[in-house]
Amino acid sequence: MTSTDVRTEAEDSGPSGYAAARLRLLQEGARSGPPRRAALAELTDDWLSGLFDAGADKLRGISLVAVGGYGRGELSPRSDLDLLLLHDGSADPGAVASLADRIWYPIWDLGLDLDHSVRTPAEARKTAGEDLKVQLGLLDARHLAGDLGLTAGLRTAVLADWRNQAPKRLPELQELCAERAERQGELQFLLEPDLKEARGGLRDATALRAVAASWLADAPREGLSEARRRLLDVRDALHLATGRATDRLSLQEQDQVAAELGLLDADTLLRQVYESARVVSYASDVTWREVGRVLRSRAVRPRLRAMLGGGKPTAERSPLAEGVVEQDGEVVLARAARPDRDPVLPLRAAAAAAQAGLPLSLHAVRRMAAGVRPLPTPWPAEAREQLVTLLGSGPSTIEVWEALEAEGLITRLLPDWERVRCRPQRNAVHIWTVDRHLIETAVRAAEFTRRVHRPDLLLVSALLHDIGKGWPGDHSVAGEIIARDVAARIGFDRSDVAVLATLVRHHLLLVETATRRDLEDPATVRSVAEAVGSQGTLELLHALTEADALATGPAAWSSWRASLVADLVKRVSAVLAGDTPEEPEAAAPTAEQERLAIEAARTGGPVLALRAQTEPPTEEPSGDPEPLGVELLIAVPDQEGVLPAVAGVLAMHRLTVRTAELRALELPDGVSGSVLLLDWRVAAEYGSLPQAARLRADLVRALDGSLDIAGRLAERDAAYPRRRGIVAPPPRVSVASAASRLATVIEVRAHDAPGLLHRIGRALEEAQVRVRSAHVSTLGANAVDAFYVTGPEGAPLPGEQAASVARALEDTLRE
């Protein structure tokens, strides 16, 4: 059926005919994107025109006008209809109201959303002057039916008002965009973005149209229409997938939306959305910068002309580097610059801009992208130095890097960048795409360049540490190969290439070892020392680790993690300096531990003590120590079920376990019995600690079996609604071979949930192994826990038994 046939059916059958024709149009597989949106708008135009004509009868001086998205002729499947019933005031008010009802009610009867108003041209202009959103909608006013001259007159007047008031209204529009971005975030980084409201979304694209209509400035056109089209296509598919008028691209709908668009998977979908949002965001940055420049110029021009006797002012140009100058708050190319003869110019201009904290001119970037010669391989020393300068410039690096990337210069300089560009990270810990995370890491690393002897290697390793995420397999292994190639290409010598490769290969080594391994075990420290190889590399790796974590997100770094990493670095440094770590001996109990143990043996029940832990005062002006958590000491007569009981009670009281050590204590002469000492570090989930007496009372009940921990935790878990459609990957349990000579290390990776440690403890008890220590690490919704276990005699488990315990634990966690 053709579009004409569909329209005829809609006109002949009234609202029901329109509904059927609309449904048939939306179900056509052959038509999507702009053609479908235009056809849906045309179908709706004809239906509404019919409603108007049937009700207008002999009315004069009245018209029906589409505004907003409908005015642009862009109707998504569940878009609302923005309509204005415009009249010149001559008609009877009752007749106008009756006509409005004849149009609005059929729309509501079909369940369509409607944004409607009835106004005279003067009222419309007055409302637009008071409400910026109304004015933006009227800029796209389009005649549907009735008095064409009335609609044309309003449109002309509204555009004239907008252009006359632009110096006042555009700053207001910019502030509106900034406030919306603050609320909604940046579309190009969100895992569940709002396609319309987030920064770089459809609202911003509409704002750019409004700026262009003011004649004051215009957005960069290259790629903008295509980016906007792709965002609209995604919204269309989202409406069809959900059957709702939503702009939020939720996780549970992304696979279906991707299939609707014929894309490979949800990651491909997100990458396209991010790429489009990045184009819109960059165009917005450039446009608003130009608006500011024009408004500033208009404000000072009369005074300058008076001072210069009516002559035309000349913008001042200040040199920044060879071929690079500052002009009017931007970095531009000098008149004598020759991109076709100076392949280092893009990096030199970018470094100069970042160092000066100024944006790169769009014209300059495009001129370099169009005519610059490729750099030779390996790069000359100046190019490498300019790259390092750019990366070491701090936060101003980001805007300059984005300008280069928008015109394709980054992928020309670093071809491997294409694989990580706009690549999503489906991990709640990460707040950036892979490429932005790499730049954020370099920005963080710039703060630490005074801590290391080779800041250039630190900054380049920050840029490359996750470059392997664009390849299959372990990204650290793939990244090492890429880093070697990139480092050699940009001109580092063989020894520096080896250091960079090591940093990329082991960029997770320190934090993973510090949080998941026993630092008292010599095997742990020796393995890190062997991987790192030298003091200089260790120094760089320590700084890279902190920069990487800080650039990941707030959940990836803490005082506790920092203290563990610093302790590990200190121990590894000693080994690299020639010290030999000794096998740990059982530490003599402190006076407090001995007191607790004696009391536990005497009373036959658990005894505990809570004590706050802090790190040393910082070098900040306040000098206050920062809390690392709370030390929980528990002495309990040796019996089965201690670990799951304690873990369960702590989970009930919302205490997060960071580390746990368990050992049997020898009691002084004259005291009979065997006592277990548990030395744990915990943190309150919501900031307040329970009273020690309440913990002890619940622990007594847990140990004697009168407290149903599993049931209590299940009740609490059921009280919290789970997000629909989010399925956590299954848990994985493995044996870390050669991680320790003193115990078997079993590593658990699972979705974090209340009582997880309790369930693990019960499973290990049932496997009849003893837990010597536990190292608990939680990143977002993922728990990565390591348990040092032995057999009843205190020796590591044989290989087959260890594998069997791991399989049994994994089966338990999958239930």
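Residues numbered from 1 in each chain as written. Predicted model: local features only at pLDDT ≥ 70, side-chain atom pairs only at ≥ 80, totals over all residues. Heavy atoms only, no water.

J.: Before we move on, can you summarise the overall build of the chain with the specific residues and values?
T.: Helix and strand counts for the chain stand at 31 helices and 15 strands. Residue burial in the chain is summarised as follows: out of 815 residues, 52% are buried. (Helix = DSSP H or I, 4+ residues; strand = E, 2+ residues; numbered from the N terminus. Buried < 20%, exposed > 50% of the residue type's maximum accessible area, 1.4 Å probe, protein only.)

J.: I'd like a rundown of the sheet that holds strand 4 (residues 142-146), residues and numbers included.
T.: An order of 3-2-1-4 is seen for the four strands of this open sheet, with the pairing classed as mixed. Two strands close off the open sheet at either side, each with one partner strand: strand 3 (114-119) and strand 4. The sheet shows a mean angle of 20 degrees between the axes of neighbouring strands, direction not considered. Relative to strand 3, strand 2 (residues 81-87) runs parallel, the two being bridged by six bridges. Within strand 3, the position partnered with Leu 84 by the bridge is Ser 117. Lying over the sheet, helix 5 (residues 121-130) contacts strand 2 and strand 3, oriented at roughly 120 degrees with respect to strand 3. (Pairing = 2+ DSSP bridges. Axes fitted to C-alpha atoms, helices over the stretch in contact; angles between N-to-C directions. Contact = heavy atoms within 4.5 Å.)

J.: If you had to explain the pairing of strand 2 to someone new, which residues and values would you point to?
T.: Burial analysis of strand 2 places seven of its seven residues in the buried class, the great majority of the element. Of the two faces of strand 2, both are covered, the one formed by Leu 81, Leu 83, Leu 85 and His 87 as well as the one formed by Asp 82, Leu 84 and Leu 86. As paired elements, strand 1 (residues 62-66) and strand 2 share five bridges and run antiparallel to each other. Across the sheet, the residue bridging to Leu 64 is Leu 85, located in strand 2. Handedness of the crossover joining strand 2 and strand 3 through helix 4 (residues 93-109) is recorded here as right-handed. (Right-handed = clockwise from strand over helix to strand, strands pointing away.)

J.: Before we move on, can you summarise unusual backbone geometry with the specific residues and values?
T.: Look at the link from Thr 377 to Pro 378: it is a cis peptide, with omega at -5 degrees. Here the phi dihedral of Trp 215 falls at roughly 65 degrees; this positive angle occurs in a residue that is not glycine. Here Trp 215 lies in the loop between helix 8 (202-213) and helix 9 (224-242). Of note, Cys 422 is a non-glycine position whose phi angle comes to about 60 degrees, a positive value. Along the chain, the position of Cys 422 falls in the loop between helix 17 (417-420) and helix 18 (434-446). Classification of Cys 422 by relative accessible area gives buried; the value is 0%.

J.: Would you mind going over the pattern of salt bridges in detail, with residue names and values included?
T.: Inspection of every chain in the model, using the stated rule, returns 54 salt bridges. Put simply, Arg 209 and Asp 140 hold a salt bridge, and the shortest N to O gap is 3.0 Å. Within this pair, whereas Arg 209 is found in helix 8, its partner Asp 140 is found in the loop between helix 6 (132-138) and strand 4, the two being separated by 69 residues in sequence. Arg 421 serves as the salt-bridge partner of Glu 275, at 3.2 Å between the closest nitrogen and oxygen. In this pair, Glu 275 is assigned in helix 11 (residues 266-307) and Arg 421 in the loop between helix 17 and helix 18, connecting sequence segments 146 residues apart. An identical accessibility class is assigned to Glu 275 and Arg 421; each is buried. (Salt bridge = Lys/Arg side-chain N within 4 Å of Asp/Glu carboxyl O.)

J.: Kindly report on the packing of helix 19 (residues 455-464) against helix 21 (residues 494-505), identifying the contributing residues and their values.
T.: The N-to-C vectors of helix 19 and helix 21 enclose an angle of 45 degrees; their axes lie 9 Å apart at closest approach. Regarding the angle of helix 19 to helix 21, the classification is oblique. Crossing of helix 19 against helix 21: the hand is right-handed. When helix 19 is examined against helix 21, the residues Leu 457, Val 460, Ser 461 and Leu 464 are found in contact with a partner set consisting of Asp 496, Val 499, Leu 500, Leu 503 and Val 504. In terms of residue class, the contact of helix 19 with helix 21 is built from seven nonpolar, one polar and one charged. (Parallel < 35°, antiparallel > 145°, perpendicular 65-115°, else oblique. Left-handed = near helix turned anticlockwise from the far one by under 90°. Nonpolar A, V, L, I, M, F, W, Y, C, P; charged D, E, K, R; others polar.)

J.: Please give an account of the packing of aromatic side chains that cites residues and values.
T.: One pass over the full model with this rule turns up four aromatic pairs. The interplanar angle of 90 degrees and the centroid separation of 4.9 Å between the aromatic rings of Phe 189 and Trp 432 together place this pair among those described as edge-to-face. Here Phe 189, found in the loop between helix 7 (148-184) and helix 8, pairs with Trp 432, found in the loop between helix 17 and helix 18; they are 243 residues apart in sequence, far enough to count as distant. Of the two residues examined, Phe 189 and Trp 432, each falls in the buried class. The ring of Tyr 70 has Arg 142 lying over it, and the distance from NZ or CZ to the ring centre is 5.3 Å. The ring of Trp 215 has Arg 163 lying over it, and the distance from NZ or CZ to the ring centre is 3.7 Å. (Phe/Tyr/Trp six-rings, centres within 6.5 Å; stacked < 30°, edge-to-face > 60°. Lys NZ or Arg CZ within 6 Å of the ring centre and 35° of its normal.)

J.: For helix 4, give the residues involved together with the corresponding values.
T.: Across its 17 residues, helix 4 extends 24 Å between first and last C-alpha, which sits within 8% of the 24 Å expected from 1.5 Å per residue. Measuring from the side-chain oxygen of the N-cap residue of helix 4 to the backbone nitrogen of Gly 94 gives 3.1 Å; that N-cap residue is Asp 92. Looking one or two residues past helix 4, Gly 111 carries a phi angle of roughly 80 degrees, positive in sign. (Expected span 1.5 Å × (residues − 1). Polar contact = N/O pair within 3.5 Å; in protein donor to acceptor, adjacent residues only side chain to side chain.)

J.: Can you tell me about helix 21, naming the residues and giving the values?
T.: Compared with the 16 Å implied by 1.5 Å per residue over twelve residues, the 16 Å span of helix 21 between its first and last C-alpha is a close match. Among all positions in helix 21, only Asp 496, Val 497, Val 499, Leu 500, Ala 501, Leu 503 and Val 504 are buried. On the buried face of helix 21, the contacting elements are helix 19, helix 20 (475-489) and helix 24 (535-552).

J.: Any chance you could break down the environment of Glu 530 for me, citing the residues and the numbers?
T.: Looking at the element boundaries, Glu 530 is found in helix 23 (residues 522-532). You can call Glu 530 exposed: its relative accessible area is 66%. Spatially, the C-alpha atoms of Glu 530 and Val 575 are 9.5 Å apart, while their sequence positions differ by 45 residues.

J.: Go over the environment of Leu 458 with me, naming the residues and quoting the values.
T.: Its location among the elements puts Leu 458 in helix 19. For Leu 458, a relative accessible area of 0% puts it in the buried group. Measuring from C-alpha to C-alpha, the distance between Leu 458 and Leu 503 comes to 8.7 Å, with 45 residues separating the pair along the chain. Ignoring anything within four residues of it in the chain, the contact list for Leu 458 reads Ala 445, Phe 448, Thr 449, Val 452, Leu 540, Ala 543 and Leu 544.

J.: Explain the confidence of the model for the chain to me, and be specific about the residues and the numbers.
T.: Of the residues in the chain, 90% reach a pLDDT of 70 or more, and the chain-wide mean stands at 87. The lowest-confidence element of the chain is helix 1 (residues 3-27), averaging 69 in pLDDT; the highest-confidence one is helix 21, averaging 97. (pLDDT = per-residue confidence, 0-100.)

J.: Please give an account of the pairing of strand 5 (residues 317-321) that cites residues and values.
T.: With four bridges joining them, strand 5 and strand 6 (residues 324-327) adopt antiparallel strand pairing. The partner of Pro 319 across the bridge, within strand 6, is Val 325. Counted along the chain from strand 5 to the antiparallel partner strand 6, the turn is two residues long, and its residue Gly 323 has a positive phi close to 80 degrees.

J.: Let's hear about the sheet that holds strand 7 (residues 330-333): which residues, and what values?
T.: Within the open sheet, the three strands sit side by side as 5-6-7. Their pairing is antiparallel. The open sheet has two edge strands with one neighbour each: strand 5 and strand 7. Averaged over all adjacent pairs, the angle separating strand axes in this sheet is 40 degrees, with direction ignored. Pairing of strand 6 with strand 7 involves four bridges; the strand directions are antiparallel. Paired with Val 324 across the two strands is Leu 333, which belongs to strand 7. Strands in contact with helix 12 (residues 345-356) are strand 5, strand 6 and strand 7; relative to strand 6, the strand with the most contacts, it is inclined by about 40 degrees.

J.: Tell me about the environment of Glu 326, residues and numbers included.
T.: With respect to the helices, strands and loops of the structure, Glu 326 is situated in strand 6. Contacts of Glu 326, omitting those with residues within four sequence positions, involve Glu 316, Arg 317, Ser 318, Leu 320 and Leu 358.

J.: Tell me what's going on with the side chain of Glu 405, and back it up with residues and numbers.
T.: Topologically, Glu 405 is positioned in helix 15 (residues 396-406). Polar contacts involving the side chain of Glu 405 include one to the side chain of Arg 278, which spans 3.0 Å. The residues contacting Glu 405, other than those within four sequence positions of it, are Arg 278, Ile 410, Trp 417, Arg 421 and Asp 435.

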